[in-house]
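Chain by chain, the residues:
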Amino acid sequence: MTLVAPHPISMVSRPKQVLSRGALALIVGIPSFVVVLMLAVTVWLGFADKMNEFPGVLSLNNYRRLFADPQILGALINTVGFTITTVITALAFGIISAWLVERTDMPGKKIVYSLMTIGLLLPTFFLAMGWLFFMHPRIGMMNTWMRELFGIENAFNIASVTGMGWVEGLGLSSLVFVMMSPVLRALNPALEEAASVHGLRGAARFFRITLPLTWPGLAGAAIYIGVIAIATFEVPAIIGMGSKIFTFSTIVYLNVSPDQGVPNYGVVGALSLLMIVLSSGLSWWYFSIIKLSHKYEVVAGKQYRPKLVELGHWVWLAWFFLGSFFFFSKLLPFLIMIWASVLPYFQPLSIHAFSQMTWDNFRKLPAALMWRGAENSLLLMVFVPTVSLLIGLFFSWVVVRSRARFRFLLDWVAFLPHAVPNIIFAVSGMIIGLFLAPKWLPLYGTIYIIAIVYIVIRISLTTRVLNSAIVQVHRELEEVSRVSGLTRMTTARKVLIPLLAPALINLWMWNALLTFRELTVAAFLVTHSNVTLPVVVWGIWQSGGLSQAAAMSLVFVMMFLPIVVIYWFVAARSAGVRHTA
């Protein structure tokens, strides 16, 4: 009998294989546990009578207080109105802009793409401040002019539910543009041409043919924007709180950080659970619509020939629309913030105001606090995207490549942070840091608790992008590497990651930019030692130094813009972005 010696590769690779499986389980297991723990804490919070006991006595007292408080019920009604206004505004500007770029022969499309991409990254609190200075009922530049010239009081009031929705919708229009552009680009014009033959022209053809065919994308964009609007904090905080107009996010903030008394964490937990149910329902609806998208497929292989609508002499109207959108949504707030930053107090344009221009607001900025905020923001900007990318890569590999039975459960856990408002994770992180973390692990008040929450809420975006990227890499490339004796870890490092490099670079920089400008989570978890730059702006604004807050926000934007430029010229190019000239 001939004995065959075992292959040396198999002897070496077996312990490495076990090690790689253990490391893989650890990397995907810890984040999954943190996500589930945060949601479980939120559910427990809504039923707990005392915060210092776990699990303690559970009851429905928090929900009774919730529905008995007229202020909270009013805030929920405001949230509905704010969300509807946001969705309508965002869809109106986003869809028309996408149609002009994708379905017409309008020149200069590359410029529109660039401005829309940059618009996605402009901090929302910056836009909110600019619009408040422009249309505040008392100090707003436009209302002051209307009062002095025509004697009209409160001609425009941005400090309202519809006003806040208008500002938020303008900020999210760029996101609708990005979501709807691929849908309109892939739409077969054959049905539109048939409609033209039967007499449908212009707007009638757009509303009766084009929009119905894009229903899955349109409904998906509307629901996605709605989920964001339900829990957004920046616009309601900047515009609404000063006028006692509260939404879900600001009423949670007031209960967590009240001016007087102790925080009402129980009501916050009850309110958060309601928002989880609502947001999860909208997210389920979103995916139900996406699953039906095959019913609207009209692109037919080689027969697909996109035909652009010739604008002719109407091209000036298209540019007037886009120019007005960019002016009111980006340029006008920026110019007003510059004007506000050089005045001792805000006032409209006048000869007297020009005589009072000063640099004192910039000179009096809290330098020590600003540098501490810059250090923390830069640290988060590097650490959060890096860890998020590492976790997301392992999550996506397990979901897409492995045959593990729990991979669908893992994908569901990775999606949860998208279905749940970010503000809820902030509150949950606060509760864990204050009451549940062991004494040997001090989290609350450190930069680490902010980083953990940031990483959790970035998991969804990271895994959605990497799932699609890994699917495009054929399995055979990894199988060849495995046959050659390389472990999963080595295969990923030498084969998979180099092939995914463009997507990884793009995703890292995108997450870095979102982390740098994030205000909501940091505002809930801020202490003196973990302050970030957006929170410095928010703190100055809250203290009543409006002109100084404008100066600080300009400093923030000036620090932010170079990073945006780097993203555009490095990440977008490496991802293979192509624009139609």
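What counts as what
Residues numbered from 1 in each chain as written. Predicted model: local features only at pLDDT ≥ 70, side-chain atom pairs only at ≥ 80, totals over all residues. Heavy atoms only, no water. Helix = DSSP H or I, 4+ residues; strand = E, 2+ residues; numbered from the N terminus. Buried < 20%, exposed > 50% of the residue type's maximum accessible area, 1.4 Å probe, protein only. Contact = heavy atoms within 4.5 Å. Areas by Shrake-Rupley, 256 points an atom, 1.4 Å probe, with all protein chains shown as cover. Polar contact = N/O pair within 3.5 Å; in protein donor to acceptor, adjacent residues only side chain to side chain. Salt bridge = Lys/Arg side-chain N within 4 Å of Asp/Glu carboxyl O. Phe/Tyr/Trp six-rings, centres within 6.5 Å; stacked < 30°, edge-to-face > 60°. Arc of directions from axis to C-beta. Core = buried A, V, L, I, M, F, W, Y, C linked by side-chain atoms within 4.5 Å. Axes fitted to C-alpha atoms, helices over the stretch in contact; angles between N-to-C directions. Parallel < 35°, antiparallel > 145°, perpendicular 65-115°, else oblique. Nonpolar A, V, L, I, M, F, W, Y, C, P; charged D, E, K, R; others polar.

### Quick notes on the overall build of the protein
Helix and strand content of the protein: 25 helices and zero strands. Residues classed as buried in the protein amount to 52% of the 581 residues present. Long-range contacts, defined here as pairs at least 24 residues apart, represent 77% of the contacts in the protein between residues at least 6 apart. Approximately 27,500 Å² of the protein is accessible, and the part contributed by carbon and sulfur atoms is 69%.

### Some points on the environment of Met 116
Among the structural elements, Met 116 can be located in helix H4 (residues 109-121). For Met 116, a relative accessible area of 0% puts it in the buried group. Note: C-alpha distance between Met 116 and Gly 94 (22 residues apart in sequence) is 9.6 Å.

### A short note on the side chain of Asn 255
Among the structural elements, Asn 255 can be located in helix H12 (residues 248-256). Taking relative accessible area as the criterion, Asn 255 reaches 16% and is therefore assigned buried. Within the structure, Asn 255 has its side chain in polar contact with the backbone oxygen of Ile 251 (distance 2.7 Å). Setting aside residues up to four positions removed in sequence, Asn 255 forms contacts with Pro 263, Asn 264 and Val 268.

### Some words on the pattern of salt bridges
Charged atoms that come close allow side chains of opposite charge to pair. Counted according to the given criterion, the structure contains two salt bridges. Between Arg 363 and Asp 360 there is a salt bridge whose closest N-O contact spans 2.4 Å. Placement of both Arg 363 and Asp 360 in helix H16 (residues 360-363) is noted, with a separation of three residues, approximately one turn of the helix. In this structure, Arg 464 and Asp 411 form a salt bridge, with 2.7 Å as the shortest nitrogen-oxygen distance. Here Arg 464, found in helix H20 (residues 447-471), pairs with Asp 411, found in helix H18 (residues 407-419); they are 53 residues apart in sequence, far enough to count as distant. The partly exposed category is assigned to Arg 464, whose relative accessible area is 28%.

### Comments concerning the environment of Leu 533
Position of Leu 533 relative to the elements: it lies in helix H24 (residues 533-542). Leu 533 sits 19 residues away from Met 552 along the chain, and the two C-alpha atoms are 8.9 Å apart. Dropping the residues within four chain positions of it, Leu 533 is found in contact with Met 370, Gly 373, Ala 374, Ser 377, Phe 516, Met 552, Phe 556 and Met 559.

### Here we look at the side chain of Ser 181
Tracing the backbone shows Ser 181 in helix H7 (residues 161-185). Within the structure, Ser 181 has its side chain in polar contact with the backbone oxygen of Phe 177 (distance 2.7 Å). Every residue in contact with Ser 181, bar those within four places of it in the chain, is listed here: Ala 98 and Glu 102.

### A short note on the packing of aromatic side chains
A complete count under the given rule lists 25 aromatic pairs for this structure. Summarising the aromatic geometry, the rings of Phe 93 and Trp 166 are spaced 5.8 Å apart at their centres and angled 75° between planes, so their arrangement reads as edge-to-face. You can see Phe 93 sitting in helix H3 (residues 70-103) and its partner Trp 166 sitting in helix H7, a full 73 residues away along the chain. Residue classification places Trp 166 among the partly exposed positions, given a relative accessible area of 31%. Here the aromatic cluster, defined as three or more aromatic residues joined through ring pairs, consists of Phe 93, Trp 131, Phe 134, Trp 166, Phe 321, Phe 325, Phe 326, Phe 327 and Phe 328.

### Overview of unusual backbone geometry
Notably, Lys 244 is not glycine yet its phi reads approximately 60°, a positive angle. With respect to the helices, strands and loops of the structure, Lys 244 is situated in the loop between helix H11 (234-240) and H12. Judged by its relative accessible area of 65%, Lys 244 falls in the exposed class.

### A short note on helix H2 (residues 61-68)
Among the residues of H2, those classed as buried are Asn 62, Tyr 63 and Leu 66. Taken end-on, H2 shows its buried residues confined to a sector of 95°, consistent with a single buried face. The exposed set on the far side of H2, more than 90 degrees from its buried face, consists of Arg 64 and Ala 68.

### What about the nonpolar core?
Judged by nonpolar contacts, the single largest core of 172 residues is most densely connected at Phe 133, Ile 239, Val 252, Phe 524 and Trp 538. No other element matches helix H17 (residues 367-400), which puts 14 residues into this core. Leave out the neighbours within four places in its chain, and Val 252 touches Val 268, Leu 271, Ile 423, Val 427 and Phe 524.

### Structural notes on the packing of helix H5 (residues 124-135) against helix H6 (residues 141-150)
Remark: H5 packs on H6, axes separated minimally by 3 Å, with the N-to-C direction vectors making an angle of 5°. Considering their axes alone, H5 and H6 lie roughly parallel with respect to each other. Along its contact with H5, which presents Phe 133, Phe 134 and Met 135, the element H6 presents Met 141, Met 142 and Asn 143. Split into classes, the residues belonging to the contact of H5 with H6 amount to five nonpolar, one polar and no charged.

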